[in-house]
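Here is how the chains run, residue by residue.
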Amino acid sequence: QVNLVESGGGLVQAGGSLRLSCTASGQTFKTSPMAWFRQAPGKEREFVAAAITWSGLTTFYADFVKGRFTLSRDNNKNTEYLQMNSLKPEDTAVYYCAAGLSSGAYRETTAYNYWGQGTQVTVSS
């Protein structure tokens, strides 16, 4: 069983920054793919970013966050970070981390077996 705990959400003005954290237990963190998704009110959960361990650790981002969001990892802390800069009101959502990738469809929610509880990010204009 894998347990994921997110933190770091909050209220920020447009143009500001937040860093989300996802701490994992119960898996070999260093080589495990992990991803971030988000869900705004009334919308489906959508892919934000993923770190996939193929030949090395490769990161992927949704087009709408490229150049603004950055993934990083601290293997000693079993924690993955999502640094979010230049935030926009449309980034407002509950952000979830996911693990337990079961297929190559890393942008799909159905490809992940484990989810955190989510952390709210609100960006004011």
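See the structure printed just above.
Residues numbered from 1 in each chain as written. Predicted model: local features only at pLDDT ≥ 70, side-chain atom pairs only at ≥ 80, totals over all residues. Heavy atoms only, no water.

Visitor: I would appreciate a short explanation of the overall build of the chain in the present structure.
Guide: In terms of helices and strands, the chain carries zero helices and 11 strands. The linear arrangement of helices and strands in the chain, starting from the amino end, is β-β-β-β-β-β-β-β-β-β-β. Relative to a compact globule of 125 residues, whose C-alpha radius of gyration would be 14 Å, the chain shows 14 Å and is just as compact. The principal-axis extent of the C-alpha atoms belonging to the chain is close to 40 × 30 × 25 Å. Residue pairs at least 24 apart in sequence account for 56% of intrachain contacts in the chain once pairs closer than 6 positions are excluded. For the chain, the accessible area works out to roughly 6,300 Å², and carbon and sulfur atoms hold 46% of it. Looking at charge distribution, the chain has the averaged site of its 11 positive side-chain charges lying 5 Å from that of its 9 negative ones. (Helix = DSSP H or I, 4+ residues; strand = E, 2+ residues; numbered from the N terminus. Rg over C-alpha atoms; globule rule 2.2 N^0.38 Å. Contact = heavy atoms within 4.5 Å. Areas by Shrake-Rupley, 256 points an atom, 1.4 Å probe, with all protein chains shown as cover. Lys, Arg positive; Asp, Glu negative; His and termini not counted. Charge placed at Lys NZ, Arg CZ, Asp CG, Glu CD.)

Visitor: Help me out: how do you make sense of the nonpolar core in this one?
Guide: Membership of the largest hydrophobic core comes to 37 residues, with the highest contact counts inside it found for Trp-36, Leu-82, Met-84, Tyr-95 and Tyr-112. Listing elements by their share of this core, those giving two or more residues are strand E3 (18-25), strand E4 (34-39), strand E5 (46-54), strand E6 (56-61), strand E7 (69-74), strand E8 (79-84), strand E9 (93-101) and strand E11 (119-124). Top element by residues in this core is E5. It accounts for six residues. (Core = buried A, V, L, I, M, F, W, Y, C linked by side-chain atoms within 4.5 Å. Buried < 20%, exposed > 50% of the residue type's maximum accessible area, 1.4 Å probe, protein only.)

Visitor: In this structure, what is going on with the pattern of salt bridges? I would like to understand it.
Guide: A pair can form between side chains of opposite charge whenever their charged atoms are brought close. Scanning all chains against the criterion turns up five salt bridges. The partner of Arg-38 in a salt bridge is Asp-91, and the shortest N-O contact between them spans 2.9 Å. With Arg-38 in strand E4 and Asp-91 in the loop between E8 and E9, this residue pair connects regions lying 53 residues apart in the sequence. Side by side, Arg-38 and Asp-91 carry an identical accessibility label, which is buried. The closest approach of N and O atoms between Arg-73 and Glu-80, which form a salt bridge, is 2.8 Å. When its relative accessible area of 1% is taken as the criterion, Glu-80 is described as buried. Taken together, the salt bridges that share partners define one network made up of Arg-38, Glu-46, Arg-68 and Asp-91. (Salt bridge = Lys/Arg side-chain N within 4 Å of Asp/Glu carboxyl O.)

Visitor: Would you mind going over the environment of Asn-3 with me for this structure?
Guide: One can find Asn-3 in strand E1 (residues 3-7). Using a relative accessible area of 43% as the deciding quantity, one classes Asn-3 as partly exposed. Taking C-alpha positions, Asn-3 is 18 Å from Val-94, a pair spaced 91 residues apart along the chain. Not counting chain neighbours up to four residues away, the residues in contact with Asn-3 comprise Thr-23, Ala-24 and Ser-25.

Visitor: What's the story with the packing of aromatic side chains in this structure? I'm lost.
Guide: Pairs of aromatic rings are described using the distance from one ring centre to the other and the angle between the two planes. Enumeration over the complete set of coordinates arrives at seven aromatic pairs. With a centroid separation of 5.5 Å and 75 degrees between ring planes, the pair formed by Phe-37 and Tyr-112 is classed as edge-to-face. Taken together, the residues span a long stretch of sequence, with Phe-37 in strand E4 and Tyr-112 in strand E10 (residues 112-115) at a distance of 75 residues. In this structure, Phe-37 and Tyr-112 share a single accessibility class: buried. Seen from their ring centres, Tyr-96 and Trp-115 are 6.5 Å apart, and the 80 degrees between their planes marks the pair as edge-to-face. Within this pair, whereas Tyr-96 is found in strand E9, its partner Trp-115 is found in strand E10, the two being separated by 19 residues in sequence. (Phe/Tyr/Trp six-rings, centres within 6.5 Å; stacked < 30°, edge-to-face > 60°.)

Visitor: What is the right way to read the sheet that holds E1 from this model?
Guide: Sheets are built from strands paired through backbone hydrogen bonds, the pairs being either parallel or antiparallel. Strand order in the open sheet formed by four strands is E1-E3-E8-E7, with antiparallel pairing between adjacent strands. Strands with a single pairing partner mark the edges of an open sheet, and in this sheet they are E1 and E7. On average, each strand axis in the sheet is inclined to that of its neighbour by 20 degrees, with strand direction left out of account. (Pairing = 2+ DSSP bridges. Axes fitted to C-alpha atoms, helices over the stretch in contact; angles between N-to-C directions.)

Visitor: Would you mind showing me how to read the environment of Thr-109 here?
Guide: Along the chain, Thr-109 turns up in the loop between E9 and E10. Remark: the alpha-carbon pair of Thr-109 and Glu-90, spanning 19 residues in sequence, is separated by 20 Å. Setting aside its immediate chain neighbours within four residues, Thr-109 contacts Phe-37, Arg-45 and Trp-115.

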